[in-house]
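# Examination of the molecular architecture
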Amino acid sequence: MAGSSTTTKASKYELTPIIDHDPHITWFAAFTTYLAYAILIFVGRFRDIIGVFTGDPAAPKKCENGIAPLIFASENFYTRRLYYRVQEAFNRPIQGAPGANINVVLRERQPDNCLLHLTDPIQTKRCLNLGSYNYLGFADDWKNTCGDDVLNSLTQWPVSVCATRKDGGTTAKHKELERLVADFLGKEECIVYNMGFATNSTTLPALTSKGDLIVSDALNHTSIVNGARGSGALIRIFKHNDAADLEKVLRNAISMGQPRTRRPWKKILVAVEGIYSMEGEICKLKPIAEVCKKYKVYIYLDEAHSIGALGATGRGVTEYCGVDTSDIDVMMGTFTKSFGAMGGYIAADKSTIDYLRVKCAGLVHHTAMSPVVAQQAITAFNIIAGKQCGDVGNQKLQALKENANFFRSELLKMGLHVYGNYDSPVIPALLYNPTKILAFSRECLAKNLAVVVVGFPATPVISSRIRFCISAGHTHEQLVEALEKLKEVVDDLKLRYADSVTG
């Protein structure tokens, strides 16, 4: 969402100042968005009624052989009547590496089926990639940076260890990666998981339980939400990125104690993100950490999008905000964005990590990360830290910052409603109307731009958006060309809401 200041970071390009608050939806955009959903729901309900008699493939299916339906018609109405209309904009398959340019596999709809299918023979379209989490561009220069180490690891290590970490699945590569991450972040110990989402969703239930309190940012990622819900702890929400509201919530929770019994909480844990993935906003970590320290509560920091992308040396939002990692109790991150790998990690003090090794389902029951993937993360870390490939890591960090700031500035100049802060590689711009989700995606694909559009339920109903992810692998010329094409799409779809009520 909007930045906290109108000042901008130093850049070789003149950056457009950002406002101190979220851009407000215009009355016209709000009215037309709600109207569009009303029409879609009305038409969908009508088609459900007549579809039973006309053989509409999206109509509710009748029960067969007396077996109750697995999903009732009212439960999947949104999928059948709204999502299927715009599914062309989502889940686009690709072919090849997700670099600055990407091959998008084309699909077609068959007359007797709601779903899209690959063309036969398979056809692809070469596009500029504005949607992948290839922040540091390792997908572009992989053969010259990480390729040799990863390919050589295949001669020594299996692709899969076929076991959990506790049951013979821990290798020297896992231990090397864990030590590397712990040292990089200045923490005592670290453990690595084979999936980023599961890192949050299995760690939080291991750390908290009944009698504990989780205080979560209102816009935290679904993996944090699911982990909190599965923990058994009580959950309280504070206003997004608002340290003052966090203090109010904590003060009230501590003074009132647990519901009914009023006993003190066993522990209180505050969960925040480094960069919020749907807003592109950087966490105001310093005031939040100060509040947590004041009230002696734990802080859990999700750095999925910020580790390797923020800070002078890529050490994430703690470095960027000037917060010592010793003030952060639990640091979570993933290898899927800046490092070109997969999986996640938890870094904390030794006693916490030792506890998680025997308690966390993500370690005890999930198959261990592939040693080959671990090697990719190890090499990427070494490059960022300057231990391999000379100054390439620093060049990537600088290129990412320059590209992201330039692109964000130009989108603001277009008159789009843009969320987030400068220096964030995640740049969302508001579409609002659901009809513009598909239209924007189609128009961009026609102009050889691969983009990611997002709508409900991943966003609020009236806040559908386009989410650009910028990479160090993009050249300035590529971004300029993309912006020229985007100007045409923005004009065609009337998206200049910062300049006009009607867009």
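Summarised in this report is the structure supplied together with it. Every value quoted in this text rests on a predicted model; they were computed, and no experiment measured them.

A few words now on the overall build of the protein. Of the regular secondary structure elements, the protein holds 17 helices and 18 strands. The C-alpha atoms of the protein give a radius of gyration of 24 Å, which matches the 23 Å a tight globule of 503 residues would have. Over its C-alpha atoms, taken along the principal directions, the protein stretches across nearly 65 × 60 × 50 Å. Per-residue burial for the protein yields a buried fraction of 53% across its 503 residues. A separation of at least 24 residues holds for 69% of the contacts in the protein among residues at least 6 apart in sequence. For the protein, the exposed area adds up to about 22,600 Å²; of that, 55% sits on carbon and sulfur atoms. Positive and negative side-chain charges in the protein, numbering 56 and 50 respectively, have mean positions lying 6 Å apart.

In this section: the environment of H174. In this structure, H174 sits in helix 6 (residues 172-185). Along the primary structure H174 and K337 are separated by 163 residues, whereas in three dimensions their C-alpha atoms are 19 Å apart. A polar contact is formed between the side chain of H174 and the side chain of T171, at a distance of 2.9 Å.

As summarised here, the arrangement of the seven strands in space is 6-14-13-12-9-7-8, forming an open sheet in which the pairing is mixed. Where the open sheet ends on each side, the last strands, each with one partner, are strand 6 (189-193) and strand 8 (234-238). Neighbouring strand axes in the sheet, compared pairwise and without regard to direction, differ in orientation by 20° on average. Pairing analysis gives five bridges linking strand 9 (residues 268-273) to strand 12 (residues 298-302), with the strands arranged parallel. Each residue of the ladder has a partner; that of A271, found in strand 12, is Y300. Sitting on the sheet, helix 10 (residues 285-294) touches strand 9 and strand 12, and the angle it makes with strand 12 is about 155°.

What follows concerns the side chain of N129. Considering the arrangement of structural elements, one finds N129 in strand 5 (residues 124-129). At 2.9 Å, the side chain of N129 and the side chain of S132 are in polar contact. When neighbours within four sequence positions are excluded, N129 is seen to be in contact with P98, G99, A100, N101, I102, A450 and H474.

So, about the packing of aromatic side chains. Under the criterion given, the structure shown has 12 aromatic pairs. Summarising the aromatic geometry, the rings of Y78 and F456 are spaced 5.5 Å apart at their centres and angled 70° between planes, so their arrangement reads as edge-to-face. In this pair, Y78 is assigned in helix 2 (residues 77-86) and F456 in the loop between strand 17 (452-454) and strand 18 (464-469), connecting sequence segments 378 residues apart. A relative accessible area of 29% means that Y78 is categorised as partly exposed. Judged by its relative accessible area of 34%, F456 falls in the partly exposed class. Ring centres of F407 and F468 lie 5.2 Å apart, and the angle between their planes is 70°; on these two criteria the pair is classed as edge-to-face. Of this pair, F407 sits in helix 15 (residues 392-414) while F468 sits in strand 18, and the two are 61 residues apart along the sequence. Taking relative accessible area as the criterion, F468 reaches 1% and is therefore assigned buried. Following the ring pairs from residue to residue traces out a cluster consisting of F184, F335, F339, Y345 and F381.

Axis separation between helix 7 (residues 196-207) and helix 8 (residues 222-229) bottoms out at 7 Å; the angle between their running directions is 25°. In terms of orientation, helix 7 and helix 8 fall into the roughly parallel class. Considering only the axes of helix 7 and helix 8, their crossing is right-handed. Contacts between helix 7 and helix 8 involve F197, N200, S201, L204 and P205 on the former and, on the latter, T222, S223, I224, N226, G227 and A228.

The rules we used
Residues numbered from 1 in each chain as written. Predicted model: local features only at pLDDT ≥ 70, side-chain atom pairs only at ≥ 80, totals over all residues. Heavy atoms only, no water. Helix = DSSP H or I, 4+ residues; strand = E, 2+ residues; numbered from the N terminus. Rg over C-alpha atoms; globule rule 2.2 N^0.38 Å. Buried < 20%, exposed > 50% of the residue type's maximum accessible area, 1.4 Å probe, protein only. Contact = heavy atoms within 4.5 Å. Areas by Shrake-Rupley, 256 points an atom, 1.4 Å probe, with all protein chains shown as cover. Lys, Arg positive; Asp, Glu negative; His and termini not counted. Charge placed at Lys NZ, Arg CZ, Asp CG, Glu CD. Polar contact = N/O pair within 3.5 Å; in protein donor to acceptor, adjacent residues only side chain to side chain. Pairing = 2+ DSSP bridges. Axes fitted to C-alpha atoms, helices over the stretch in contact; angles between N-to-C directions. Phe/Tyr/Trp six-rings, centres within 6.5 Å; stacked < 30°, edge-to-face > 60°. Parallel < 35°, antiparallel > 145°, perpendicular 65-115°, else oblique. Left-handed = near helix turned anticlockwise from the far one by under 90°.

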